[in-house]
Amino acid sequence: QVQLAESGGGLVQAGGSLRLSCTASGPDSGRTFSDYAMGWFRQAPAKGREFVAAISRSGGSTSYRGSVRGRFSISRDNAKNAVYLQMDSLKPEDTAIYYCAVGKEVVSTSANDFGSWGQGTKVTVSS
């Protein structure tokens, strides 16, 4: 079981940038942070949770939902047990609570493939 702590959310103007960070701790015995694919999901008011981005264990493969591709970039630093989401050219429709999640050994875009979740960090983009 991995515990996650997100940070970096806030209020920004449209076109601005934010970098979200997620730090992991307490992996289950016999495993390390680098054993897991990682992902970011978000949930906007009155909407369900949706996939944003995911990254493979080594960081060599990434996946993005179409609406953020080219604007967001997911990365990880396994030495720091951290995963990041650099968000540029933010739009009001990006407003949501963003959640970091622990995946499996391969990248997935399905929330069902992620077993541990952080508490979320709120991103608000004003127009």
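See the structure above.
Residues numbered from 1 in each chain as written. Predicted model: local features only at pLDDT ≥ 70, side-chain atom pairs only at ≥ 80, totals over all residues. Heavy atoms only, no water.

Participant: Can you walk me through the pattern of salt bridges in this structure?
Facilitator: On inspection of all chains with the given rule, the structure shows five salt bridges. The partner of Arg65 in a salt bridge is Glu50, and the shortest N-O contact between them spans 3.6 Å. Here Arg65, found in the loop between strand S6 (62-64) and strand S7 (72-77), pairs with Glu50, found in strand S5 (residues 49-55); they are 15 residues apart in sequence, far enough to count as distant. Assessed through its relative accessible area of 25%, Glu50 is described here as partly exposed. Ionic pairing is found between Asp94 and Arg71, a salt bridge with its closest N-O pair at 2.7 Å. Residue Asp94 is located in the loop between strand S8 (82-87) and strand S9 (96-102), and its partner Arg71 is located in the loop between S6 and S7; the two are separated by 23 residues in the primary sequence. The class of Asp94 is buried, set by a relative accessible area of 1%. In this structure Arg71 comes out as buried when scored by relative accessible area, which is 12%. Salt bridges sharing partners connect three or more residues here, namely Arg42, Glu50, Arg65, Arg71 and Asp94. (Salt bridge = Lys/Arg side-chain N within 4 Å of Asp/Glu carboxyl O. Helix = DSSP H or I, 4+ residues; strand = E, 2+ residues; numbered from the N terminus. Buried < 20%, exposed > 50% of the residue type's maximum accessible area, 1.4 Å probe, protein only.)

Geometric values such as these leave the question of function open.
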